[in-house]
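Residue strings, one per chain:
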Amino acid sequence: MRVTVRFFALYRERVGASERSWELPEPATLADLLEEIRNAYPGLAPPDVEIVAAVNEEYAEASLALREGDEVALIPPVSGGGIGFADEILHSASLRSE
Amino acid sequence: MRVTVRFFALYRERVGASERSWELPEPATLADLLEEIRNAYPGLAPPDVEIVAAVNEEYAEASLALREGDEVALIPPVSGGGIGFADEILHSASLRSE
Amino acid sequence: MIEITNKAIDPQPITASVRRDSNGAVVTFLGTTRRTSMGKTVLYLEYEAYAPMALKKLREIADEVTDKWPIQDVSIYHRIGRLEIEDISLVVAIASPHRREAFQACGYVVDRIKETVPIWKKEVFEDGQMWVGCQSHAVGAPAD
Amino acid sequence: MIEITNKAIDPQPITASVRRDSNGAVVTFLGTTRRTSMGKTVLYLEYEAYAPMALKKLREIADEVTDKWPIQDVSIYHRIGRLEIEDISLVVAIASPHRREAFQACGYVVDRIKETVPIWKKEVFEDGQMWVGCQSHAVGAPAD
């Protein structure tokens, strides 16, 4: 089967392309595809760093079975920026509503 | 001695004036003045509700000794509006900075 | 910039006043007048201030912020006089290098204003009016 | 209003979009680009998005807010492309009847954006450049 792989930001720069069509033997999981991509681009990410991916615009587990025509996007870490406090806000909000 | 008494908002409306000059025997505390004002305007505030006052633009204790020329402002409760969370913010800020 | 004004407030220049290239976060609070209060329709509002003391208290609150947080930039505008529904009564703009502090400090300032600054709000209804916060002073009201 | 744009963002209409006569509080967050990052001078920044997924995630975050809080009005604008120092990269405007919820929800939205929305920021220095958040991917970097 054939899927589309999209590369963004750091991955796009390291691969030298923003998109590639990828031919995979069936059946294949996202983990299988990621392994092929790592083999094709060894410099993409350090071996023990997980590569996060989205399938059809949704974050996906590595065990997800891919299907013909899927769009797989590799998602480098997002910009972050400072310590988050969403959990704390939610906690405080739920305390109040009790 | 002579002090200036200023009335705002609810107190201004109940007194019917925004300012009055007030003659007091010396020595006199803020409590003495407030008692005179309550006697002069019995409808100003319910008897068991404290009247908050500022002397020379600063919140003052009832025991404060007044001086000639002081500006005494009676401060009705301020607008409030919703449950405050300043304490919680400070608590959370201090936890973080530890 | 700290001001008490009887004119309509434009928040844009107030927010702009706290921006600088070392700040990554700007939080602006607008207090706006609501159509209904305790189930009743508000026709308009009157805000009254003990202006010199209110200004002094606003400056003290801004100083508290710069003491407690790594923040240099605090602007507060409070409107007084007659306000129509949906008018802006209060603008607080705070900027800081990182967002957490700007959110905390902005919430803190608004809270402190409501606690300590001598500015009063009267809601005018079709059938009466009320100084907000003065319920304890109602005739025949129980003491708090 | 939720948008990803490559044009300069004017926060005024975004804040205006969440105002209504049942809301007493409007909190607007601006994310602005800083001159220095880790002690180095930033020349300019590049933001890149996986735009359709980013839009979807922003809409999900807005839905979380309206689920978790009594809030109907959320606007989010994120800029992408090249940004100069002090430009606005993000605007989040939230209005609610009372201020507490608006502050909480606005802080929550900004946090969630930084966690889950596929938008990346590259800082360009005189002597190099860095995708912010991607330190774990540095060549020879220890894994997290």
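Parameters and conventions
Residues numbered from 1 in each chain as written. Chains lettered and ligands numbered in written order. Predicted model: local features only at pLDDT ≥ 70, side-chain atom pairs only at ≥ 80, totals over all residues. Heavy atoms only, no water. Buried < 20%, exposed > 50% of the residue type's maximum accessible area, 1.4 Å probe, protein only. Helix = DSSP H or I, 4+ residues; strand = E, 2+ residues; numbered from the N terminus. Arc of directions from axis to C-beta. Contact = heavy atoms within 4.5 Å. Polar contact = N/O pair within 3.5 Å; in protein donor to acceptor, adjacent residues only side chain to side chain. Salt bridge = Lys/Arg side-chain N within 4 Å of Asp/Glu carboxyl O. Pairing = 2+ DSSP bridges. Axes fitted to C-alpha atoms, helices over the stretch in contact; angles between N-to-C directions. Core = buried A, V, L, I, M, F, W, Y, C linked by side-chain atoms within 4.5 Å. pLDDT = per-residue confidence, 0-100.

The subject of this paragraph is helix α2 (residues 30–40) of chain B. Residues and elements named next belong to chain B. Of all the residues in α2, the buried ones are Leu30, Leu33, Leu34 and Ile37. An end-on view of α2 places all buried positions within 100° of arc, on one side of the element. Exposed and facing more than 90 degrees away from the buried side of α2 are Glu35 and Asn39. Where the residues of α2 are buried, they touch β1 (2–7), β2 (19–23), β3 (52–55) and β5 (71–75).

Right, let's get into the side chain of C:Thr32. Tracing the backbone shows C:Thr32 in strand β2 (residues 25–32). Within the structure, the side chain of C:Thr32 is placed 2.6 Å from the backbone oxygen of D:Asn23, a separation counted as a polar contact.

A common way to report how large an interface is uses the accessible area buried once the components associate. The interface is formed by 36 residues belonging to chain A together with 34 residues belonging to chain D. The interface formed by chain A and chain D contains 4 salt bridges. Across the pair D:Lys122 and A:Glu13 runs a salt bridge whose closest N-O atoms are separated by 2.6 Å. At the junction of chain A with chain D, the criterion picks out 13 residue pairs in polar contact (both at pLDDT 80 or more).

Two elements, strand β8 (residues 119–125) of chain D and strand β9 (residues 128–131) of chain D, share 4 bridges in a ladder whose sense is antiparallel. Each bridged residue has a counterpart across the sheet, and for D:Glu123 the counterpart in β9(D) is D:Met130.

Pairing in this open sheet of 8 strands is mixed, and the strands run β1(C)-β5(C)-β7(C)-β2(C)-β2(D)-β7(D)-β5(D)-β1(D) from one edge to the other. With one partner strand each, in any of the chains shown, β1 (2–5) of chain C together with β1 (2–5) of chain D form the two edges of the open sheet. Strand-to-strand twist in this sheet, taken as the mean axis angle between neighbours without regard to direction, amounts to 5°. For strand β5 (residues 73–79) of chain D and strand β7 (residues 88–96) of chain D, the ladder comprises 6 bridges, and the chain directions are antiparallel. Residue pairing for β7(D): D:Val74 is matched across the bridge by D:Ile94. The sheet contacts of helix α2 (residues 51–68) of chain D involve β1, β5 and β7 of chain D, and relative to β1(D) the element is tilted by about 150°.

Our focus in this paragraph is the sheet that holds strand β5 (residues 71–75) of chain A. Residues and elements named next belong to chain A. Spatial ordering of the open sheet is given by β2-β1-β5-β3-β4, a layout of 5 strands whose pairing is mixed. Each edge of the open sheet is held by one strand with a lone partner, namely β2 (19–23) and β4 (58–59). As defined by bridge partners, strand β1 (residues 2–7) adjoins β5 across 4 bridges and the pair is classed as parallel. Each bridged residue has a counterpart across the sheet, and for threonine 4 the counterpart in β5 is glutamate 71. Sitting on the sheet, helix α2 (residues 30–40) is in contact with β1, β2, β3 (52–55) and β5, with an inclination near 115° to β2.

Put simply, A:Glu26 and A:Pro27 share a cis peptide bond, and its omega is -10°. Although it is not a glycine, B:Glu57 adopts a positive phi angle of roughly 70°. Within the secondary structure, B:Glu57 sits in the loop between β3 and β4 (58–59). The class of B:Glu57 is partly exposed, set by a relative accessible area of 24%. Non-glycine residue D:Glu86 carries a positive phi angle of around 75°. Residue position: D:Glu86 is located in the loop between β6 (81–83) and β7.

With that settled, consider the nonpolar core. Across soluble globular proteins, nonpolar side chains have a tendency to be buried as a group. Ranked by size, the top nonpolar core spans 68 residues in total, and within it C:Val92 and D:Val92 carry the most contacts. Among residues more than four places away in sequence, those in contact with C:Val92 are C:Val27, C:Thr28, C:Phe29, C:Ser75, C:Ile76, C:Cys106, C:Val109, C:Val110 and C:Ile113.

So, on to the confidence of the model for chain C. This prediction gives chain C a mean pLDDT of 93; 96% of its residues lie at or above 70. Reported for the predicted complex are a pTM of 0.90 and an ipTM of 0.88.

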